[in-house]
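So the chains spell out like this:
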Amino acid sequence: MFLFKNSNDPLRIGPNEFAALWSCLGQWRGIFERFDRDRSGKIDSMELKDALLSLGFAVPPSVLQLLMSKYDDGSGRRGELNFDSFVECGMIVKGLTEKFKEKDPRYTGSATLTYETFMTMIMPFLVSY
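Residues numbered from 1 in each chain as written. Predicted model: local features only at pLDDT ≥ 70, side-chain atom pairs only at ≥ 80, totals over all residues. Heavy atoms only, no water.

For the protein chain, the name recorded in an unreviewed UniProt entry is EF-hand domain-containing protein, with Papaver nudicaule as its organism.

As structure tokens, then:
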């Protein structure tokens, strides 16, 4: 939600922010349905990998495994994400990637950050305002 905050009133979203949020959710729904190939209503790790790749995010296997483990329900079944978890996961990858690209303008896959810069970059993704 922090991506759609009203700059004048950070505790509320206005009509423009709501319209942007609604549009964004519609786009994510389309992606989810396109890559939920078995029509289970859930995205498994391979479907997630393909969905993120289609958006331009080549997530390394170790990061993909970490993302899937975040949504593990403890049932012992293979990890799967429902639509809500898929959107959360996708927005985190998108947001963090965009923040990283700010520090890697030549797209080398490498950047040098201070601890403060790193923490400032990732905190909005970890803490609700």
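### Details of the pattern of salt bridges
One pass over the full model with this rule turns up four salt bridges. A salt bridge links Glu98 to Lys94; the nearest nitrogen and oxygen atoms lie 2.7 Å apart. Note that Glu98 and Lys94 are positioned in helix H4 (residues 83-103) at a spacing of four residues, about one turn of the helix. Between Lys99 and Glu102 there is a salt bridge, with the nearest N and O atoms lying 3.9 Å from each other. Within this pair, Lys99 and its partner Glu102 are both found in helix H4, separated by three residues, close to a single helical turn. (Salt bridge = Lys/Arg side-chain N within 4 Å of Asp/Glu carboxyl O. Helix = DSSP H or I, 4+ residues; strand = E, 2+ residues; numbered from the N terminus.)

### Regarding the packing of H4 against helix H5 (residues 115-126)
With their axes 10 Å apart at the nearest point, H4 and H5 run at an angle of 160 degrees to one another. Taken together, the axes of H4 and H5 lie roughly antiparallel to each other. Along this stretch, H4 crosses H5, giving a crossing that reads as right-handed. Contact residues: Met91, Ile92, Gly95, Leu96, Lys99, Phe100 and Lys103 in H4; Thr117, Met121, Ile122 and Phe125 in H5. Looking at side-chain class alone, the contact of H4 with H5 contains seven nonpolar, two polar and two charged residues. (Axes fitted to C-alpha atoms, helices over the stretch in contact; angles between N-to-C directions. Parallel < 35°, antiparallel > 145°, perpendicular 65-115°, else oblique. Left-handed = near helix turned anticlockwise from the far one by under 90°. Contact = heavy atoms within 4.5 Å. Nonpolar A, V, L, I, M, F, W, Y, C, P; charged D, E, K, R; others polar.)

### Examining the UniProt feature "domain: EF-hand" (unreviewed entry) in the protein chain
Listed under "domain: EF-hand" (unreviewed entry) in the UniProt record, and renumbered for this structure, are residues 23-58. As annotated, residues 23-58 has a helix share of 64% and a strand share of 6%, and its two end C-alpha atoms lie 24 Å apart. (UniProt positions renumbered as here; feature names shortened; annotations may be inferred.)

### As for helix H3 (residues 61-70)
Each α-helix winds once per 3.6 residues, and so residues spaced three or four apart point in a common direction. Among the residues making up H3, those that are buried are Leu64, Leu67 and Met68. All buried residues of H3 fall inside an arc of 95 degrees around its axis, so they share one side. Pointing more than 90 degrees away from the buried face of H3 are the exposed residues Ser62, Gln65, Leu66 and Lys70. Those residues of H3 hidden inside the fold are in contact with strand S1 (43-44), helix H2 (45-54), strand S2 (80-81) and H4. (Buried < 20%, exposed > 50% of the residue type's maximum accessible area, 1.4 Å probe, protein only. Arc of directions from axis to C-beta.)

### Some remarks on the environment of Glu33
Tracing the chain through its elements places Glu33 in helix H1 (residues 15-35). The exposure class assigned to Glu33 is partly exposed, which follows from its relative accessible area of 44%. Residues Glu33 and Ile43, spaced 10 residues apart in sequence, show a C-alpha to C-alpha distance of 9.1 Å.

### A few points about the packing of H2 against H4
Geometry of a packed helix pair, given as the angle between the helix axes and the separation of the axes. Between H2 and H4, the least distance of the axes is 11 Å, while the angle of their chain directions is 45 degrees. Classified by the interaxial angle, the pair formed by H2 and H4 is oblique. The handedness of the crossing between H2 and H4 is right-handed. Together, Leu48, Ala51 and Leu52 of H2 and Phe86, Cys89, Gly90 and Val93 of H4 make up the contact between the two elements.

### Some remarks on unusual backbone geometry
Trans is the prevailing form of peptide bonds, just as negative phi is the prevailing case for residues other than glycine. The backbone phi angle of Arg39 is positive, close to 55 degrees, even though this residue is not glycine. Mapping Arg39 onto the fold places it in the loop between H1 and S1. Exposure remark for Arg39: the relative accessible area of 59% places this residue in the exposed category. With a phi angle near 55 degrees, Tyr107 is a residue other than glycine that sits in the positive phi range. Summarising the element assignment, Tyr107 is placed in the loop between H4 and H5. Judged by its relative accessible area of 60%, Tyr107 is exposed.

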